[in-house]
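Chain and residue survey
Take a look at the letters that make up each chain.
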Amino acid sequence: MTDQNQNITPPTQGPTGWTSEAMQARIRRRYRTEKIFKLMGLGGLLTALATLCILLVTIFYTGTSGFQETRIKLDISLSENAFAGVAALDKAEREEALRKVNYSTLIRNSLLKTFPDVKKRREVFALMKLVSNGARDEIRQKIIADPSLIGKTISLDLLASSVVDIFFKGQISRDIPQSNRKISDQQIAWLDHLSADGRIIRQFNRSFFTSGDSREPEMAGILGAAMGSFLTLLVTLLIAFPIGVSSAIYLEEFAPKNRWTDLIEININNLAAVPSIIFGLLGLAIFLNVFNMPRSAPLVGGLTLALMTLPTIIIASRAAIRAVPPSIRQAAIGLGASPIQTVFHHVLPLSMPGILTGTIIGMAQALGETAPLLMIGMVAFIVDLPHGVMDAATALPVQIFLWADSPERGFMEKTSAAIIVLIVFLIMMNGLAIWLRQKFEKNW
Amino acid sequence: MSILNLLVIIGIIAAISYVFGHKKATASVKGDIRLLHSLPSHYGWLSALISLAPAMLVMLTWFLFSPQIIENLLLASLNDSVTDLTPFELSLLLRDIHNLSQGDALSRAVSVQLQQSADYYVMISDRIFWAASLLAVCLSCLFSYLAIHKISPQLKSRNYLEKFILRSLLACSIIAILTTIGIVSSLLFETIRFLDHVPLSDFIFGLKWSPQTALRSDQVGSTGAFGAIPLFAGTLLITFIALLIAVPIGLCSAIYMTEFASKKARSIFKPLLEILAGIPTVVYGFFAALVVAPFIRDSGSMIGLEVASESALAAGIVMGIMIIPLISSLSDDVISSVPQSLRDGSFGLGATKTETILHVILPSALPGIVSAFLLAASRAIGETMIVVMAAGMAANLTANPLEAVTTVTVQIVALLTGDQEFDSAKTLSAFALGLALFIVTLILNFIALRMVRKYQEQYD
């Protein structure tokens, strides 16, 4: 400050007089600096929040359309000769026979009836491209559910292909030249015709929540990944919670203060900051290569994530246990409880809200974690839903990664939609943690 | 019988022995439990534990050693046909036999011999499992009988029980140490095997990274080069960009929140920043690839700059956004723990808030702030998903942030996902990179934690 003073004020006058011109100028300058500095701080904060806004808005903007699907209403004639003899079979045989029926022909016939002037092979092919491959399955399911439909002509809302879907969501512009978009002018003309007939239906995409992954964006769903995440987190919770709470109890209540305990403590703090991918390498080397556990299984993922979240849970639990005042312990011991009884009957129940809060936050971290799961092979393309912890599975964030990497345009909105689901889960978990903290937190 | 059933049976036995232990203890003093050394439930728990322990031990032994035993028996049965196979072919054969028995995909056609081996495999693993479960159940019954038999009013069951609980608590806290040992040993072990293929100096000082090794010896062009310098340089470049973004923004917001913001504003801004911290990194990666990278490329081409679509700049900026909350919350803690007396002294001398912050608070909080930077740097170095999704794959030794670079974590992921060959230098190099990553982050964390501790002691 001293050299500033010399700069501003001539040495003869000295900065003592508050009314002097030089002093006033200096005070003005100091306040200006104050204002600029404050604005800088606010600017930093607002920049951070603005990026948060941009991120969330982008995700929601691209993602909300992922919850909708486009369907094309077609009159499918289930003629007797396509299903010759099927009606006579019993239930199991009928399902087998229905598997072999060529549903593409049924769809093609229906489309050709709507567009009688389509003759050339290539045009028919382009026409068929409007309907998703999954539509064949939908017809089959319909007939399995109600075999009496055979021989009738039914009006069905069939799943449109991904290109059609994103065309109607406005993600493919009509203005760009035909060679640069995946949908031809001819196809657009057909779609306009269908649209004018009221045959284009946009509705809530239920299959997004009820099916597993698929190569076709319009059929891909997140249930498989969500189940995988659930099973993984279940294993993580079952392992990390008891072990974490136990070691927190030991370190806080029973550990003697010596170098050994110090070592454990430093170790836990360092483990909390080890990059998650290192835990993935550990899982790969130990669980897969040494113990020969199955690749891609939620069991291994859960074990790996449990080791990763353990430090978080231990640190949070220790803080919660430390917050219980010593008077509680003294009272229990004074009434004749043993140290173990004191801890398990009094300290632990009182610190449970804090421990649970920490655990939920750790679980939320584990839910969003991707890198360790890549290492242990939970990154495969898996259509079937996992039913147990030994089945091959993938997890929600890994599914997001896989879809984000996929070149198909239609997967972009699915990625954002899956991210929205993931963020909703995370907000729910964190909300639960905050609620627990506010409801049960005691100020001793 | 599956493992689950076995666990249920053992659990039932333990529950029964709890009930009988409880009953026996009460009956031994004719219902007057004041005469017992411990509470009746302590006797119950003790007998349940004693019935559980041997069964658990048997199952653990089975779990750890049965794969090895099965493999040896299998090898013994295959004896004459496998003597001339290399270890790699042998492990492939064993894997195929295992997969065939599970009904999974194979790397070869199913031969009669393979089918026989698979059947044999199923048979011996079944038998060993049956033997182990039978042993577990018998031991469980036996020990539970013995425990209940031993119960008398003088038995110090509470002391035994509490000693057991204390030991288990200790065992749980040792798991954290075991994790570290597991990390270090697995990384070190694989790295040593990697160094058999590639000398250490080539790995640390080599300037060329192209891990594609020739599958056949007559293939040309892909001999494999494992010089990690380009990866380290790429990692540092992206980390540097990230810190360049995150440090000013994070520090500014921490200063604003602690010194200028009202309590109400603080209670709004802090949770918002926590949301930023809670967003999964895969979301940031998607954001980087979807929004930031195209934006930088387009704005670069507008002013005539050639920007790679997977530029280091995009990955670095998004990673910077990711670590803003880390820096701001750590600095926040540090700044608010500067004693009020220092502020009051400065105000008393007529300093403005800004002058107090710049000349008093920041200098005294400096160690803590530096440690926040170190933790943030370690976080950025180890961050994986953002760079996997937004940075390049090709190793590129450059300091130009507009070009694509690759990082250590990207290469680990690239080397270990997809089809792996066991024991190839390519796969093992991932572990060497992992070890380097672990050591660097460990050193950064260690210094940072030490600094924070020293700093806290200063004002306590």
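This structure is a prediction, so every number in the text was calculated from the model and none was measured.

**A look at the overall build of chain A**
- In terms of helices and strands, chain A carries 18 helices and three strands.
- In terms of C-alpha radius of gyration, chain A reaches 32 Å, well past the compact-globule figure of 22 Å for 444 residues.
- Based on the C-alpha atoms only, the size of chain A along its principal axes is roughly 105 × 75 × 40 Å.
- Counting only residues that meet the buried cut, chain A has 40% of its 444 residues in that class.
- The long-range share in chain A, meaning contacts at least 24 apart out of those at least 6 apart in sequence, stands at 76%.

**A look at the interface of chain B and chain A**
- Listed by partner, the interface residues are 67 residues for chain B and 65 residues for chain A.
- No other element matches helix H5 (residues 157-197) of chain B, which puts 19 residues into the side of chain B that touches chain A.
- Class assignment for the residues of the side of chain B that touches chain A results in 44 nonpolar, 19 polar and four charged.

**Overview of the environment of Pro275(A)**
- With respect to the helices and strands, the residue Pro275(A) is situated in the loop between helix H11 (259-271) and helix H12 (276-290).
- Since 27 C-beta atoms lie within 10 Å of it, Pro275(A) is described here as buried.
- Sequence separation of Pro275(A) and Phe287(A) is 12 residues, and the distance between their C-alpha atoms is 18 Å.
- Each residue touching Pro275(A), except ones within four places of it in the same chain, is listed here: Gly382(B), Leu437(B) and Thr441(B).

**A word on the packing of helix H15 (residues 339-368) of chain A against helix H18 (residues 411-440) of chain A**
Residues and elements named next belong to chain A.
- Relative orientation of the contacting elements H15 and H18 amounts to 170°, with a least axis distance of 9 Å. The angle between H15 and H18 places the two elements in the roughly antiparallel class. Contacts between H15 and H18 pair Pro353, Leu356, Thr357, Ile360, Ile361, Met363, Ala364, Leu367 and Gly368 from the former with Leu422, Phe425, Leu426, Met429, Asn430, Leu432, Ala433, Leu436, Arg437 and Phe440 from the latter.
- Residues that form the contact of H15 with H18 fall into these classes: 15 nonpolar, three polar and one charged.

**Some thoughts on the sheet that holds strand E1 (residues 68-77) of chain A**
All names here are of chain A.
- Reading across the sheet, the three strands line up as E2-E1-E3 and stay open at both edges, with antiparallel pairing between neighbours. The outermost strands of the open sheet, each flanked by one partner alone, are strand E2 (153-159) and strand E3 (200-204). Going from strand to strand, the sheet's axes swing by 35° on average, the running direction of each strand aside.
- Looking at chain direction, E1 and E3 are connected through five bridges and run antiparallel.

**Observations regarding the domain arrangement of chain B**
- One can read the domain layout of chain B as domain 1 (3-155) and domain 2 (225-459).
- For domain 1 of chain B versus domain 2 of chain B, the distance between C-alpha centres works out to 48 Å.

**Here's the deal with the nonpolar core**
- Among the nonpolar cores identified, the biggest contains 188 residues, and Ala288(B), Ala315(B), Val318(B), Ala376(B), Ile386(B) and Ala390(B) are the most heavily contacted of them.
- Not counting residues within four places of it along the chain, the set of residues in contact with Ala390(B) comprises Gly285(B), Ala288(B), Ala289(B), Ala293(B), Glu310(B), Ala314(B), Ala315(B) and Val318(B).

**Considerations on the domain arrangement of chain A**
All names here are of chain A.
- By the assigned domains, chain A splits into domain 1 (64-205) and domain 2 (223-440).
- Counting residues at the interface gives six residues for domain 1 and seven residues for domain 2.
- Counted by class, the side of domain 1 that touches domain 2 contains two nonpolar, three polar and one charged residues.

**A closer look at unusual backbone geometry**
- Backbone geometry at Ser296(A) places phi at a positive 65°, although glycine is not the residue there.
- Relative to the helices and strands, Ser296(A) is located in the loop between H12 and helix H13 (298-322).
- Residue classification places Ser296(A) among the buried positions, given that 22 C-beta atoms sit within 10 Å.
- Positive phi outside glycine occurs at Lys30(B), with the angle close to 55°.
- Checked against the element boundaries, Lys30(B) lands in the loop between helix H1 (3-28) and helix H2 (40-82).
- Lys30(B) gets classed as exposed once you count the C-beta atoms within 10 Å, which come to 8.

**Structural notes on the packing of H5(B) against helix H15 (residues 425-459) of chain B**
Residues and elements named next belong to chain B.
- H15 packs onto H5 with a crossing angle of 130° between their chain directions and a minimal axis gap of 8 Å. With respect to H15, the element H5 is oriented oblique. Relative to H15, the crossing made by H5 is left-handed. On H15, the residues touching Ile183, Leu187, Leu188, Glu190, Thr191, Arg193, Phe194 and His197 of H5 are Ala425, Leu428, Ser429, Phe431, Ala432, Gly434, Leu435 and Phe438.

The rules behind the values
Residues numbered from 1 in each chain as written. Chains lettered and ligands numbered in written order. Predicted model: local features only at pLDDT ≥ 70, side-chain atom pairs only at ≥ 80, totals over all residues. Helix = DSSP H or I, 4+ residues; strand = E, 2+ residues; numbered from the N terminus. Rg over C-alpha atoms; globule rule 2.2 N^0.38 Å. Buried ≥ 20, exposed ≤ 12 C-beta atoms within 10 Å, placed from the backbone. Contact = placed C-beta atoms within 7 Å. Nonpolar A, V, L, I, M, F, W, Y, C, P; charged D, E, K, R; others polar. Axes fitted to C-alpha atoms, helices over the stretch in contact; angles between N-to-C directions. Parallel < 35°, antiparallel > 145°, perpendicular 65-115°, else oblique. Pairing = 2+ DSSP bridges. Domains from an automatic or database assignment. Core = buried A, V, L, I, M, F, W, Y, C linked by C-beta atoms within 7 Å. Left-handed = near helix turned anticlockwise from the far one by under 90°.

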